[in-house]
Amino acid sequence: MGEEIDQQEFGGSDRTRHRVKLRRCLEALARLLREHRFEADDPMTGLEVELNLVDDQGEPALKNDEVLAAIGDPDFQTELAQFNIELNVPPRPLHDGGLTAFEEHLGGAISAAEERAAEVGAHLVLIGILPTVTERHLGIDSISANPRYSVLNEQVLAERGEDISIAIGRRERLRTAADSVMPEAACTSTQFHVQVRPEEFAAYWNASQAISAVQVAVGANSPYLLGRELWRETRIPLFEQSTDTRSEELKAQGVRPRVWFGERWITSVFDLFEENARYFPPLLPVLDDEDPLAVLDAGGTPSLAELKLHNGTIYRWNRPVYDVVGTADDGVPHLRVENRVLAAGPTVTDVVANAAFYFGLVRSLAESARPLWSQMSFSAADDNFHTAARDGIGAEIYWPGVGAVSVTELVLRRLLPLAREGLAAWGADPSESDRLLGIIEQRCVLRTNGAEWLVGRMRARSGEDRMTALRATLQEYRERMATNEPVHTWD
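Here the structure is a predicted model, which is why all the values come from computation and not from measurement. (Residues numbered from 1 in each chain as written. Predicted model: local features only at pLDDT ≥ 70, side-chain atom pairs only at ≥ 80, totals over all residues. Heavy atoms only, no water.)

Asker: Got a sec to walk through the environment of Arg-173? Specific residues and values, please.
Answerer: Within the secondary structure, Arg-173 is located in strand S6 (residues 173-178). Separated by 294 residues in the primary sequence, Arg-173 and Met-467 place their C-alpha atoms 16 Å from one another. Not counting the four nearest positions on each side in its chain, Arg-173 is found in contact with Ile-168, Arg-228 and Leu-230. (Helix = DSSP H or I, 4+ residues; strand = E, 2+ residues; numbered from the N terminus. Contact = heavy atoms within 4.5 Å.)

Quick look at the structure:
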């Protein structure tokens, strides 16, 4: 939800007018789709990474304003908490060394930013959830200064009408409550973007949904929250619960959650935007001056501001994105799938290996003659996703034609070859694909990833006080992250 918000209070008339305007945006989108106005001749891919800030002792550093000022790079932006920042990597096609270019840009930007951050007493960490975060770091006093976050917090709580409950358990259990959305700030993620033609969007979104479980299992990196060992990818239940606008009664009535895997396979991108308008009241009913239908009638390209902002407050794990490159007069619209399921880290190389696996596999499955999603129920994909988040690389999931199978066996025997085929279709260099997919292969052979390394190091420190052990483990993690050696090579 990166838009700037000027208006901070909303009344009933704002919501009524917003609903009307949102319907006009949907009409405009439908016309754009009918008139084949979208650009995707040389599809672009994109990458965003959220990072945590810590001090010299490994505690969260509430310094994102100071750090961003020191970095001085507009590609770095604020996130929800003062101990979060985000890096947006410029988009590029995958042919002609695109993955290597992502890796070099991401590594260079983070290395330069770390030098600047150190000057103000902070360090950057690529990790899903900081093991050292405590409840005092997740209070409203830690919220970033940008007004949009305060407004969003107020609107979520107003819609919910009561404190937010968090209950997560696996090996250990956590039950707590919060009077703000700040527990969400514990979650830092990696987001992949893939630009697609409208007629291909449903296939790419459905494929992304189907493989999300495998991505999470192989890339899990968030086993600790508030001093407890919980799910291997604790970000998933934490994010789902910390931004839930529903009371218990509304849950019982079947009201959809705003952090949502979804409930069906789709046939068009329009399905998702229409669901947004049908199921979810606006959290931020901000009105833009543009009349999207008038812009279309004049031969221009509408920004669809209300549709975009509303979409930004509905947190699908695979989200549709509408955007325009250029102005209303000469702009070209495009569509992207935003894949949001993975944690940050552990290293830049691991992040780009995850990207290679996703980009290759999603293309191969989306362009398959017999779609995977025609062979499995949507509820099976949903169950797989949460099983993988709970159990990580040790998960067993359902797969068409196989039945119940371990994720590692599935990846090694079936999915890595498909990912290689998909990367070849993107035009990636074979040596580039082999190197990056080899990292995914070795994680599966060794049954290790960031979550398993963290848990293993903590068990080696089982005789120490829990928080002392977590701080020491995080410091060791930071040292190894700086080497950029992939996590499967860590001792």
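There is more to say after this.
Asker: Could you give an account of helix H4 (residues 147-160), with specific residues and numbers?
Answerer: Since the α-helix packs 3.6 residues into each turn, any two residues three or four apart lie on the same face. Between its terminal C-alpha atoms H4 stretches 20 Å, which fits the 20 Å expected from 14 residues at 1.5 Å a residue. Residues of H4 that are buried: Arg-148, Tyr-149, Val-151, Leu-152, Asn-153, Gln-155, Val-156 and Arg-160. Those residues of H4 that are buried lie in contact with helix H1 (12-34), strand S2 (76-78), strand S5 (164-169) and strand S11 (315-316). Just downstream of H4 lies Gly-161, where phi reads positive at about 80 degrees. (Expected span 1.5 Å × (residues − 1). Buried < 20%, exposed > 50% of the residue type's maximum accessible area, 1.4 Å probe, protein only.)

Asker: Account for the packing of helix H5 (residues 198-219) against helix H13 (residues 407-426), with residues named and values stated.
Answerer: The N-to-C vectors of H5 and H13 enclose an angle of 130 degrees; their axes lie 12 Å apart at closest approach. Considering the angle they form, H5 stands oblique to H13. Where H5 crosses over H13, the handedness of that crossing is left-handed. Here Tyr-204, Val-214, Ala-217 and Val-218 of H5 come into contact with H13, specifically with Val-407, Leu-410, Val-411, Leu-415 and Trp-426. When its residues are assigned to classes, the contact of H5 with H13 shows 9 nonpolar, no polar and no charged. (Axes fitted to C-alpha atoms, helices over the stretch in contact; angles between N-to-C directions. Parallel < 35°, antiparallel > 145°, perpendicular 65-115°, else oblique. Left-handed = near helix turned anticlockwise from the far one by under 90°. Nonpolar A, V, L, I, M, F, W, Y, C, P; charged D, E, K, R; others polar.)

Asker: Requested: an account of helix H14 (residues 430-446), with residues and values cited.
Answerer: In this model, H14 (17 residues) spans 24 Å end to end at C-alpha, consistent with the 24 Å of a helix rising 1.5 Å per residue. For H14, the set of buried residues is Glu-432, Ser-433, Leu-436, Leu-437, Gly-438, Ile-439, Ile-440, Arg-443 and Cys-444. Among the structural elements, helix H3 (98-118), H5, helix H11 (348-366) and H13 are those in contact with the buried residues of H14. A positive phi of about 50 degrees marks Arg-447, the residue just after H14.

Asker: So what's going on with the packing of aromatic side chains? Which residues, and what values?
Answerer: Inspection of the entire model under this criterion finds 16 aromatic pairs. Ring centres of Trp-260 and Tyr-279 lie 6.1 Å apart, and the angle between their planes is 85 degrees; this geometry places the pair in the edge-to-face category. Of the two residues, Trp-260 is situated in strand S10 (residues 259-260) and Tyr-279 in helix H8 (residues 269-279); the sequence distance between them amounts to 19 residues. Ring geometry for Trp-317 versus Phe-385: centroids 5.6 Å apart, planes at 50 degrees, classification tilted. One end of the pair, Trp-317, is in the loop between S11 and strand S12 (318-325); the other, Phe-385, is in helix H12 (residues 378-391), with 68 residues separating them in the sequence. Exposure remark for Phe-385: the relative accessible area of 0% places this residue in the buried category. Ring-pair connections join several aromatic residues into one group, and the members of that group are Phe-239, Phe-261, Trp-265, Tyr-315, Trp-317, Phe-378 and Phe-385. When the ring centre of Phe-102 is taken as reference, the NZ or CZ atom of Arg-92 above it lies at 5.1 Å. The ring centre of Tyr-279 lies 3.7 Å from the NZ or CZ of Arg-256, which sits over that ring. (Phe/Tyr/Trp six-rings, centres within 6.5 Å; stacked < 30°, edge-to-face > 60°. Lys NZ or Arg CZ within 6 Å of the ring centre and 35° of its normal.)

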